[in-house]
Amino acid sequence: MRQQVKRAFKYRFYPTDEQAAELSRTFGCVRLVYNKALEERTQAWYGEQRRVSYVQSSAALTEWKKTEELAFLTEVSSVPLQQTLRHLQTAFGNFFAKRAKYPRFKSRKKSRASAEYTRSGFRFRDGKLTLARMSEPLEIRWSRPLPDGAVPTTVTVSRDSSGRWFVSLLCEDTIAPAAATTNAVGLDAGITSLVTLSTGEKITNPKHERRDRARLAKAQRGLSRKAKGSANREKARHRVAKVHARITDRRLDFLHKLSTRLVRENQTVVIEDLTVRNLLKNGRLARAICDASWTELRSMLEYKCAWYGRELVVIDRFFPSSKLCGVCGTITAKMPLNVREWTCDCGAVHDRDVNAARNILAAGLAASACGDGVRPQRESSRTGRSSMKQEPQRATAGIPRL
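The rules behind the values
All residue numbers here refer to positions counted from 1 along the written sequence of the relevant chain. Since the coordinates come from a predicted model, pLDDT governs what is reported: local features require at least 70, and pairs of side-chain atoms require 80 or more to be given and counted, while whole-chain, interface and lining totals use all residues. Hydrogens and water are ignored here; the side-chain numbers use all heavy atoms of the structure. Only buried residues count toward a nonpolar core, which is a set of Ala, Val, Leu, Ile, Met, Phe, Trp, Tyr and Cys residues joined through side-chain atoms within 4.5 Å. In this scheme, a residue with accessible area under 20% of its type's maximum is buried, one over 50% is exposed, and one in between is partly exposed, where area comes from a 1.4 Å probe on protein chains only. A run of H or I in DSSP becomes a helix once it reaches four residues, and a run of E becomes a strand once it reaches two; helices and strands are each numbered from the N terminus. Only heavy atoms matter for contacts: two residues are in contact if any of them lie within 4.5 Å across the pair. Criterion used throughout: strands pair if DSSP finds at least two bridges between them. UniProt positions are given in the numbering used here, feature names are shortened, and annotations may be inferred rather than shown by experiment. Each axis is a line fitted through C-alpha atoms, and for a helix only the stretch in contact is used; angles between axes span 0 to 180 degrees, taken between their N-to-C directions. If an angle is under 35 degrees, it is roughly parallel; if it is over 145, roughly antiparallel; if it lies from 65 to 115, roughly perpendicular; otherwise it is oblique. Left-handed describes a crossing in which the near helix is turned anticlockwise from the far one by less than a right angle; the clockwise case is right-handed. Side-chain classes are defined by residue name, with Ala, Val, Leu, Ile, Met, Phe, Trp, Tyr, Cys and Pro counting as nonpolar, Asp, Glu, Lys and Arg as charged, and the others, Gly among them, as polar. Any pair of N or O atoms that falls within 3.5 Å is considered a polar contact. Within protein, one atom must be able to donate a hydrogen and the other to accept it, and sequence-neighbouring residues count only if both atoms are side-chain atoms. Stacked, edge-to-face and tilted labels apply to pairs of Phe, Tyr and Trp rings (six-membered ring for Trp) whose centres lie within 6.5 Å, assigned for plane angles under 30 degrees, over 60, and everything in between, in that order.

The chain goes by IS200/IS605 family element transposase accessory protein TnpB in an unreviewed UniProt entry, where it is assigned to Microbispora bryophytorum subsp. camponoti.

## Re the nonpolar core
Leu23, Leu131, Val155, Val157 and Val167 are the most contacted members of the largest nonpolar core, which totals 42 residues. Taken together, the elements giving at least two residues each to this core come down to strand 1 (3-13), helix 1 (17-48), helix 2 (54-66), helix 3 (78-96), strand 2 (113-118), strand 4 (128-131), strand 6 (154-159) and strand 7 (165-175). Those residues in contact with Val155 that lie beyond four places of it in its chain are Ala115, Glu116, Tyr117, Phe122, Leu129, Leu131, Val167, Ser168 and Leu169. Grouped together as the second largest cluster of nonpolar side chains are 24 residues, Val276, Ile289, Trp294 and Leu297 included.

## So, the sheet that holds strand 1
The strand order across the open sheet formed by 5 strands is 2-6-7-1-5, and the pairing between neighbours is antiparallel. The open sheet terminates on both sides in strands that have one partner only, identified here as strand 2 and strand 5 (140-141). The pairing of strand 1 with strand 7 spans 11 bridges and is classified as antiparallel. Note that in strand 7 the partner of Ala8 across the bridge is Leu170.

## Re the UniProt feature "domain: Transposase putative helix-turn-helix" (unreviewed entry) in the chain
Here, UniProt's "domain: Transposase putative helix-turn-helix" (unreviewed entry) annotation points to residues 1-48. In the segment residues 1-48, helix accounts for 67% and strand for 23%; the C-alpha atoms at its two ends are 52 Å apart.

## Comments concerning the packing of helix 5 (residues 213-225) against helix 6 (residues 231-265)
As a packed pair, helix 5 and helix 6 sit with axes 8 Å apart at the nearest point and diverge in direction by 160 degrees. Between helix 5 and helix 6, the interaxial angle falls into the category roughly antiparallel. Considering the relative orientation of helix 5 and helix 6, their crossing is left-handed. Contacts from Arg215, Leu216, Ala219, Gln220, Gly222 and Leu223 of helix 5 reach helix 6 at Arg233, Ala236, Arg237, Arg239, Val240, Val243, His244 and Arg246. In terms of residue class, the contact of helix 5 with helix 6 is made up of 6 nonpolar, 3 polar and 5 charged.

## Quick look at the side chain of Arg164
Its location among the elements puts Arg164 in the loop between strand 6 and strand 7. On the accessibility criterion, Arg164 (18% relative accessible area) is buried. Among the polar contacts made by the side chain of Arg164, one reaches the side chain of Ser162 at a distance of 3.4 Å. The residues contacting Arg164, other than those within four sequence positions of it, are Arg12, Ser158, Arg159, Ala245 and Asp249.

## Some details on the sheet that holds strand 11 (residues 268-272)
Each strand in a sheet pairs with its neighbour through backbone hydrogen bonds, running either in the same direction (parallel) or in the opposite one (antiparallel). Strand order in the open sheet made by the 5 strands is 10-9-8-11-12, with mixed pairing throughout. With partners counted over all chains shown, the strands left at the sheet margins are strand 10 (202-204) and strand 12 (311-315), one partner each. Adjacent strand axes in the sheet meet at a mean angle of 25 degrees, parallel and antiparallel pairs treated alike. Relative to strand 10, strand 9 (residues 193-197) runs antiparallel, the two sharing 3 bridges.

## Overview of the pairing of strand 9
Among the 5 residues that make up strand 9, 5 are buried, leaving the element largely enclosed by the rest of the structure. Hairpin remark: strand 9 followed by strand 10, antiparallel, with 4 residues in the connecting loop; positive phi at Gly200, about 100 degrees.

## What about the packing of aromatic side chains?
Given two aromatic rings, one states the distance between the centres and the angle between the planes to describe the pair. What the rule picks out here adds up to 12 aromatic pairs. Seen from their ring centres, Phe95 and Tyr102 are 5.0 Å apart, and the 85 degrees between their planes marks the pair as edge-to-face. On the basis of relative accessibility, which here comes to 19%, the residue Tyr102 falls in the buried class. When the centroid spacing of 6.4 Å and the interplanar angle of 80 degrees are considered together, the rings of Trp307 and Tyr308 count as edge-to-face. The exposure class assigned to Trp307 is buried, which follows from its relative accessible area of 16%.

Here you go:
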């Protein structure tokens, strides 16, 4: 059955000098309004234990525009300014619901330069997008077409640290489910192999950051030699940002292709509930773990499985996938990371990663049959366990033998 989803289509565009200046002013005003509204909300909350609503912040914005000090806010479109207040309201809603930490101020250098326009802030006609306060449409590189008859509901313009401009159009899209299949696969995440499949296939980790490490180090050395505040330092910073952007683009491209393939070929995908934040505390592996980007792969699998009618099962992070013999069910007491192949007492010889992937698949199928679905994550502070991957001393009951 086809389903309607909201889908963002991101394109690169090349603004004129006037458009770039207008957007840069808008980015600065958006950041200023967000920070000023956050400051007033913080004073009200910590000083008077009083919550400030979006309506009150919007009224305050109107008063700010009337002052001589902030009169320049009237020079940009009011739509992105209102949207940033809505984002702040959402951030506080997540904070009060204990879903997120307290909102933080936006930094000029570190925060993402972006502005969001609703339908009243742009015009989209004949495949051309024109933003408020602009007389000419944006020169967009349409790398892929929008859905037939789609009209953007929200447009987000951004500029990354390397100076590239992007526009993201949020549209309603109709997605058809993928052809049904009986295949199921278990994934074991790793560093040498990005993922190992229960079929025995190992997907080699491209290690995009390591491949460009020499280029990145050279750019960073050049940056460190430049005087702070100089034009040459800004140029050097852009060179470093371009290397990082290249690494990010290649990594995302690889993960998108891998996740799409896994979703298309399998009806059920089973993964582990890894606590990447805790794993990063291992200083020797942190860089490699960040380069692998397991969290991004899981995120892609989640929404693509939901789109195409697949089932994603996430098993408990403490399941002994690596130490469990898939033949007899015996759990080995210790399994150091340097042991890549081991022999069970029953005589079965296991490849560590392949055996773990098969155990993950078996546990996922058992959990899916019982209706458990996705297991909730546990907080390491509550369990009192180490930051590294921990596994219990006995297997979960009801797991079929392989």
